[in-house]
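An overview of the molecular structure
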Amino acid sequence: MRVFLKNLQKGWKGGIVTPAFVSLIVPLMTGIWPQLKEQAASFAELLDSPIYRALLGQLGIIDLTTWQGAFYMYVGICMEWTVVFLSILVPARIVTAEIDKKTLDVTLSYPIRRWRYLLEKFMVYLAYCLLYPAFVYVLGVVGTRSIGETLDPTILLYSMTAFWFWLFALGALSLFCGTLFLETNRALSASGALIITQYVMTRLGDLGNLGFLKDLSLFNYLNTGTILQNGVMSMNELAVVVGVGIVALGAALYVFQNRELAY
Amino acid sequence: MTEENVLEVSHLTKIYGREMTLAGRRFGRRVVGARDVSFSVRRGEIFGFLGPNGAGKTTTMRAILDYLHIQEGSITVFGMDHHDDALEIRERIGYIPGDLALYENFTGEELIEYFDGFRPVDRDYLRELRSVFRADLSLRVKSLSTGNRQQVGLILALASKPDFMILDEPTSGLDPLMAASAHRLFRELRAEGKTIFLSSHDLAEVQAVCDRIGIIKEGEMILVEEVENLVSKFLQNVRVSFTSEVPDLETLEAIDSVISVEAEDEDTLLLKVKEDINELLRVLTRYQIDRLSIEDASLEEIFLQYYQ
């Protein structure tokens, strides 16, 4: 676990500051909730528009006039976009950044299996990804108490856990792109296309007869809106997300272990 | 593999890229990295691997390290296949790449400690390396000069005192004093039976430390020779002054062993001759010679001859 521990130690600044910054949305919301609540009723009418429906997806059907509804809509969107950006930008560059900096040659001349090296570095990403839902969860619970509102901590835990599983599965797909292309721009383009397409498919799936598109997107599984509606995390959906993640991670490790490092 | 050979490269061929023909048109491009390269490195020797830029040195080194997939041939290190037994081989090798890059946020100490977990450092030897190289290991790599980074790279490559070292331009960026210290270390390692496969453009370095050299050009190995023999055997400068008739330059150039003929003045010619000089001498005896001198060419001249 040397690679994991050392990189965990070396990456702590970015690894902690970024989730801390993202989770600031929660205290921000608690601070403006009284004003937000007044405007929520009029804003809720706007959400009936098909454009907003498409933009918000399942989150658009949430009752905005309640703290729980507003919390999940704003925090949910913020977390969704965090998942999109993080999973595109970080895992795809785990390998390619080392190739750009030319540090991989020295490291791989030591007796460590390539797949293990990659796995340990991906685990660093997953470890820091835990902080996003963890910070939001803690601030969400504390913030809700501070303003005297209610927020089901179990559902919050489910939805935050779901975000982490998204980060795992989408991150594994992005990692696979990195190992496939071994070049930053191409890897980022591929992972961006793969992840954003899925995001768009989920949104389009909420319109008209395009529902079938949603089935093809990971964002359709373990969705916050669905968790909120059902009050539970679907094990079938969890199996889909985890399954895709494991297959993508396995593919990435296999490709990196066996492919030629010609750059 | 013979008992003595640490590295055996046999008919190594590596072609980059692919070429396809579709509807009479060619797509893609193939670039020869190495073609039918064969050589071996004996235990306890320093083997210099030379060649112009793009000749195939790095390709060969990266193939040995199993970074590249070769199309043909075989590579064995310590008698083990470079691909199948890559992990076992890496336990016994040290490597410094030509364009060395280290983790910028690590200090030298942290790098040593980090890599120590993969291939244990020889603590006594590390102390010796610290006394030779003066780079401050408590500083982060990003704050080090190029020469100091190279020193850290050398410490990392040598710290475990591996049996076989693959060093791609190891003294690049070092000041002459540090380079001399590195050469001394290489010789000491050789004396202990360690093997070094070294690539360099510094001919003084090659002459100072290498036992044998191999020259690669356009992906093909064109020469493997002992350094000692190279100077005497491979290129000689022959200066001839004639008392009367001077032979036609074309006649002399037609001799296989003559590489070039240059008229220094009306009566004197300077010839560069490779390997066998006898045929030239037979031709020259047909003329009235005033003076004849034969000198070994410098190592630099020899390399330039092969590089061109």
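Bear in mind the structure is a predicted one, so any value in this text is a computation, not a measurement. (Residues numbered from 1 in each chain as written. Chains lettered and ligands numbered in written order. Predicted model: local features only at pLDDT ≥ 70, side-chain atom pairs only at ≥ 80, totals over all residues.)

**Brief notes about the overall build of chain B**
Counting its regular elements, chain B contains eleven helices and 16 strands. Across its three principal axes, chain B shows a C-alpha extent of roughly 75 × 60 × 40 Å. Put simply, chain B has 308 residues, and 39% of those count as buried. For chain B, the proportion of contacts with a sequence separation of at least 24, taken over those separated by at least 6, is 69%. (Helix = DSSP H or I, 4+ residues; strand = E, 2+ residues; numbered from the N terminus. Buried ≥ 20, exposed ≤ 12 C-beta atoms within 10 Å, placed from the backbone. Contact = placed C-beta atoms within 7 Å.)

**Overview of the nonpolar core**
The biggest cluster of nonpolar side chains holds 73 residues, and the ones touching the most others in it are Leu111, Ile155, Met165, Ile166 and Phe197 of chain B. When residues no more than four places from it in sequence are discounted, the contact partners of phenylalanine 197 of chain B are Leu7, Val41, Phe47, Phe49, Met165 and Ile166 of chain B. Of all hydrophobic cores here, the second largest spans 61 residues; its members include Met79, Leu86, Val136 and Ala248 of chain A. (Core = buried A, V, L, I, M, F, W, Y, C linked by C-beta atoms within 7 Å.)

**Side note on the domain arrangement of chain B**
Residue and element names in this part refer to chain B. Along its sequence, chain B is organised into domain 1 (42-60 + 82-230) and domain 2 (235-307). Centre-to-centre separation of domain 1 and domain 2, based on C-alpha positions: 40 Å. Each side of the interface is counted separately: domain 1 has nine residues, and domain 2 has six residues. If you list the elements that add at least two residues to the side of domain 1 that touches domain 2, you get α7 (203-209), β11 (212-217) and β12 (220-226). (Domains from an automatic or database assignment.)

**Section: the packing of helix α5 (residues 67-89) of chain A against helix α10 (residues 153-181) of chain A**
All names here are of chain A. With their axes 8 Å apart at the nearest point, α5 and α10 run at an angle of 25 degrees to one another. Between α5 and α10, the interaxial angle falls into the category roughly parallel. Both α5 and α10 take part in a crossing whose hand is right-handed. Mapping the contact onto sequence places Met79, Val83, Leu86, Ser87 and Ile88 in α5 and Phe163, Trp166, Leu167, Leu170, Gly171 and Ser174 in α10. (Axes fitted to C-alpha atoms, helices over the stretch in contact; angles between N-to-C directions. Parallel < 35°, antiparallel > 145°, perpendicular 65-115°, else oblique. Left-handed = near helix turned anticlockwise from the far one by under 90°.)

**Focus: unusual backbone geometry**
Residue and element names in this part refer to chain B. In this structure, aspartate 66 takes a positive phi of about 65 degrees despite not being glycine. Note on placement: aspartate 66 falls in the loop between α1 (57-64) and β6 (72-77). Residue classification places aspartate 66 among the buried positions, given that 24 C-beta atoms sit within 10 Å.

**Some words on the interface of chain B and chain A**
Facing 21 residues of chain B, the contacting portion of chain A comprises 16 residues. At the level of secondary structure, the elements contributing two or more residues to the side of chain B that touches chain A comprise α2 (86-90), β8 (93-96) and α3 (108-116) of chain B. For the side of chain B that touches chain A, the residue count by class is 14 nonpolar, three polar and four charged. (Nonpolar A, V, L, I, M, F, W, Y, C, P; charged D, E, K, R; others polar.)

**Structural notes on the packing of α5 of chain A against helix α9 (residues 131-146) of chain A**
Residue and element names in this part refer to chain A. Relative to each other, α5 and α9 sit at 160 degrees, their axes nearing to 12 Å. Considering their axes alone, α5 and α9 lie roughly antiparallel with respect to each other. As α5 packs across α9, the resulting crossing turns out to be right-handed. Two secondary-structure elements touch here, α5 through Trp67, Phe71, Val75, Met79 and Thr82 and α9 through Tyr132, Val136, Gly140 and Thr144.

**Thoughts on the sheet that holds strand β4 (residues 31-42) of chain B**
All names here are of chain B. In space, the four strands of this open sheet follow the order β4-β1-β6-β7, with antiparallel pairing throughout. The open sheet terminates on both sides in strands that have one partner only, identified here as β4 and β7 (80-81). Here eight bridges tie strand β1 (residues 5-16) to β4, and the two strands are oriented antiparallel to one another. Following the sheet pairing, leucine 7 is matched in β4 by valine 41. (Pairing = 2+ DSSP bridges.)

**Looking at the sheet that holds strand β5 (residues 46-50) of chain B**
Strand pairing in a sheet relies on backbone hydrogen bonds, with the paired strands running either antiparallel or parallel. Residue and element names in this part refer to chain B. The sheet built from six strands is open, its strands ordered β8-β9-β10-β5-β11-β12 with mixed pairing. Edge positions in the sheet fall to β8 and β12, since each of these pairs with one other strand and no more. Neighbour-to-neighbour, the strand axes of this sheet turn through a mean angle of 15 degrees, independent of strand direction. With four bridges connecting them, β5 and strand β10 (residues 195-199) associate as parallel partners. Bridge assignment links isoleucine 46 to a residue of β10, and that residue is isoleucine 196. Contacts from helix α5 (residues 146-158) reach β8 and β9 (164-168), with the element oriented near 165 degrees to β8.

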